[in-house]
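One letter stands for each residue in the lines below.
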Amino acid sequence: MIYHFVVGDLAAEQLKAALLSDESLQGEVVVLKDILHVGPLKKEEGQSFSALRSAYWQQILVNEKNPVQVDDMERLLAVSGEMFKDENIQAWFWMAPSPADVCAYYWVLPYLAKHPGRFYIVNIAGLPFLDENGKLFYPKSISQVLPRELVKARKLARQVTPSEMEVDGDEWLKLAEENAPLRTQEGGKKIQSRTEDFYDQQLTSFCSQQFQKASKIVRQALSRYNIPTGDVWLGWRLRKLAENGKLLVQGDAAKALNEFEVRLPGEITATNENT
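Now for a look at the structure at hand. (Residues numbered from 1 in each chain as written. Predicted model: local features only at pLDDT ≥ 70, side-chain atom pairs only at ≥ 80, totals over all residues. Heavy atoms only, no water.)

### Brief notes about the overall build of the chain
A tally of helices and strands in the chain yields ten helices and twelve strands. Each principal axis of the C-alpha distribution contributes one length, and for the chain these read about 70 × 55 × 35 Å. When each of the 275 residues of the chain is scored for burial, the buried share is 44%. Once local pairs closer than 6 in sequence are excluded, the contacts in the chain between residues at least 24 apart make up 61%. The positive charge centre, built from 32 side chains, and the negative charge centre, built from 37, are 4 Å apart in the chain. (Helix = DSSP H or I, 4+ residues; strand = E, 2+ residues; numbered from the N terminus. Buried < 20%, exposed > 50% of the residue type's maximum accessible area, 1.4 Å probe, protein only. Contact = heavy atoms within 4.5 Å. Lys, Arg positive; Asp, Glu negative; His and termini not counted. Charge placed at Lys NZ, Arg CZ, Asp CG, Glu CD.)

### Some thoughts on the nonpolar core
Ranked by internal contacts, the top residues of the largest apolar core, which has 62 residues, are F5, F93, Y105, W107, F119 and W172. Top element by residues in this core is helix α4 (residues 99-112). It accounts for ten residues. Those residues within four positions of F5 in sequence are excluded, and the remaining contacts are V30, L32, L76, V79, A91, W92, F93, W94 and L112. In terms of nonpolar packing, the next biggest core, distinct from the first, is built from 22 residues, A12, A18, W92 and V122 among them. (Core = buried A, V, L, I, M, F, W, Y, C linked by side-chain atoms within 4.5 Å.)

### Quick notes on the packing of helix α2 (residues 49-60) against helix α9 (residues 231-243)
Viewed as axis vectors pointing N to C, α2 and α9 meet at an angle of 60°, and their least axial separation amounts to 9 Å. Within the contact between the two elements, α2 uses Y56, W57, Q59 and I60 and α9 uses V232, W233, W236 and K240. Of the residues contributing to the contact of α2 with α9, the split by class is six nonpolar, one polar and one charged. (Axes fitted to C-alpha atoms, helices over the stretch in contact; angles between N-to-C directions. Nonpolar A, V, L, I, M, F, W, Y, C, P; charged D, E, K, R; others polar.)

### What to know about the packing of aromatic side chains
Applying the stated criterion across every chain, the model contains eleven aromatic pairs. With a centroid separation of 5.8 Å and 25° between ring planes, the pair formed by F49 and W107 is classed as stacked. With F49 in helix α2 and W107 in helix α4, this pair connects stretches of sequence that are 58 residues apart. Residue F49 is classed as buried on the basis of its relative accessible area, which comes to 9%. Plain terms: the ring middles of F198 and Y199 are 5.0 Å apart, the flat faces sit at 80° to each other, and that makes the pair edge-to-face. (Phe/Tyr/Trp six-rings, centres within 6.5 Å; stacked < 30°, edge-to-face > 60°.)

### What to know about the sheet that holds strand β1 (residues 2-7)
In space, the five strands of this open sheet follow the order β2-β1-β3-β4-β7, with mixed pairing throughout. Each edge of the open sheet carries a strand with a single partner, namely β2 (27-32) and β7 (158-159). Two strands pair when backbone bridges link them, and strand β3 (residues 90-95) and strand β4 (residues 119-123) are joined in this way by five bridges, in the parallel orientation. Following the sheet pairing, M95 is matched in β4 by N123. The strands touched by helix α1 (residues 9-20) within the sheet are β1, β2 and β3, with β2 carrying the most contacts at an inclination of about 170°. (Pairing = 2+ DSSP bridges.)

Here it is in structure tokens:
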């Protein structure tokens, strides 16, 4: 029995399809839905990690009426509990070269390291895979890898060594202590703490003195700069910039991104009006 940890629903779909076609991978896919390279990591006294992360996403998801519940920790603890009961169970962590995946690896490590010899990592960073047309490419996410290619990737699985557990385990403690609002990947497994305005310049580079849909600005920034935070977080940054007077808003910013517009402050020139 193998518990396959992977970040994100799209990546999980690909991995589940791979498991169905290869008995050697038989097990259960554990989807980590939180992205730990954004938001706080250090909980307050008496606060659970899930409560910390749930409160954060409730703040970011401004249009979400239902309470946000992040339960990755509960499922991680459940898997660890099963591994204590059955020494034949293994845990595999599928990691792509993305800040979400690397941060998630650091987070699960202290719990799965309690089962030495049974915690494996499948790291696809820097490795070529075939796309649907048979061409080589270097994926940035597990979701980009075809199921048949993931079956081949099982050969990459290796035990996380005791020395890795010690060194990498310290990395999560460091990130939690820094408690930055944003984290970026600087190559390999190196994660750098950043301020929350780190992507603001890239985001506002698509703004002008003409009002544009917030959804268009976010879409362009994601496409041009490959910003790994996703559209929800970038939309939140747009709203924060507007709150601080760095952008002007037309419409209700408390609604969805396609329901309000933003532009740079300043007078609209005649030239702008004719563009």
